[in-house]
Amino acid sequence: MHPNPAATEAIASFHAATSARGSMTIYSVLGAAVRTVAIPQGATFVTLDVQGLAPGIYVVVATVASQTERGTLRVVR
């Protein structure tokens, strides 16, 4: 993910072996889903809008077909 830390948005890339649609969800450190975006078919990255999220560390999970990738993102102001 870049930039990381991010203040307004971040670009999250992932390696999907399939061209299926998917989703990317941002979770708080407490495990609550705070934002979900759709991954278009065939995409290898999405832009995450982090405006309105409290500063802190988040876990980002991309799921495409049966593949899951995780990463962390730090939100700053």
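The present account deals with the structure reproduced in this document. It should be emphasised that the depicted structure is a prediction, and the values quoted were computed from it without experimental measurement.

1. Details of the overall build of the protein
The helix and strand inventory of the protein stands at zero helices and six strands. In the protein, the succession of helices and strands from N to C terminus is β-β-β-β-β-β. Computed over the C-alpha atoms, the radius of gyration of the protein is 12 Å, within 12% of the 11 Å expected from 2.2 N^0.38 for a compact globule of 77 residues. Considering the protein as a whole, with its 77 residues, one finds that 26% of them fall into the buried category. When the accessible surface of the protein is split by element, carbon and sulfur atoms take 54% of a total near 4,500 Å².

2. Quick look at the sheet that holds strand S3 (residues 33-39)
By way of backbone hydrogen bonds, the strands of a sheet pair with one another, either parallel or antiparallel. In spatial order, the strands read S3-S2-S5-S6; together these four strands make up an open sheet with antiparallel pairing. The open sheet terminates on both sides in strands that have one partner only, identified here as S3 and strand S6 (67-75). Averaged over all pairs of adjacent strands, the angle between their axes in this sheet comes to 20 degrees, without regard to strand direction. Where strand S2 (residues 22-28) and S3 come together, six bridges link them in antiparallel fashion.

3. Some points on a nonpolar patch on the surface
Residues Val29, Leu30 and Ile57 make up a contiguous nonpolar surface patch of roughly 350 Å² in combined accessible area. Judged by relative accessible area, Leu30 falls into the exposed class, the value being 80%.

4. Here we look at the pairing of S2
Where S2 folds back onto S3 in an antiparallel hairpin, the turn is made up of four residues, including Gly31, whose phi is positive at roughly 95 degrees. As judged from the seven bridges shared by S2 and strand S5 (residues 56-64), these two strands associate in the antiparallel manner. Its bridge partner being in S5, Gly22 is matched across the sheet by Val64.

5. Digging into the nonpolar core
Core analysis: the biggest nonpolar cluster contains 17 residues, and Phe14, Met24, Ile39, Val46, Leu48 and Leu73 have the highest contact counts within it. Taken together, the elements giving at least two residues each to this core come down to strand S1 (9-13), S2, strand S4 (45-49), S5 and S6. Top contributing element to this core by residue count: S5, with four residues. For Ile39, the contacting residues outside a window of four places in its chain are Phe14, Arg21, Gly22, Ser23, Met24, Val46, Ala62, Thr63 and Val64.

The rules behind each value
- Residues numbered from 1 in each chain as written.
- Predicted model: local features only at pLDDT ≥ 70, side-chain atom pairs only at ≥ 80, totals over all residues.
- Heavy atoms only, no water.
- Helix = DSSP H or I, 4+ residues; strand = E, 2+ residues; numbered from the N terminus.
- Rg over C-alpha atoms; globule rule 2.2 N^0.38 Å.
- Buried < 20%, exposed > 50% of the residue type's maximum accessible area, 1.4 Å probe, protein only.
- Areas by Shrake-Rupley, 256 points an atom, 1.4 Å probe, with all protein chains shown as cover.
- Pairing = 2+ DSSP bridges.
- Axes fitted to C-alpha atoms, helices over the stretch in contact; angles between N-to-C directions.
- Patch = residues over 30% accessible without salt bridge, like charges linked within 9 Å, V, L, I, M, F, W, Y side chains within 5 Å.
- Salt bridge = Lys/Arg side-chain N within 4 Å of Asp/Glu carboxyl O.
- Core = buried A, V, L, I, M, F, W, Y, C linked by side-chain atoms within 4.5 Å.
- Contact = heavy atoms within 4.5 Å.

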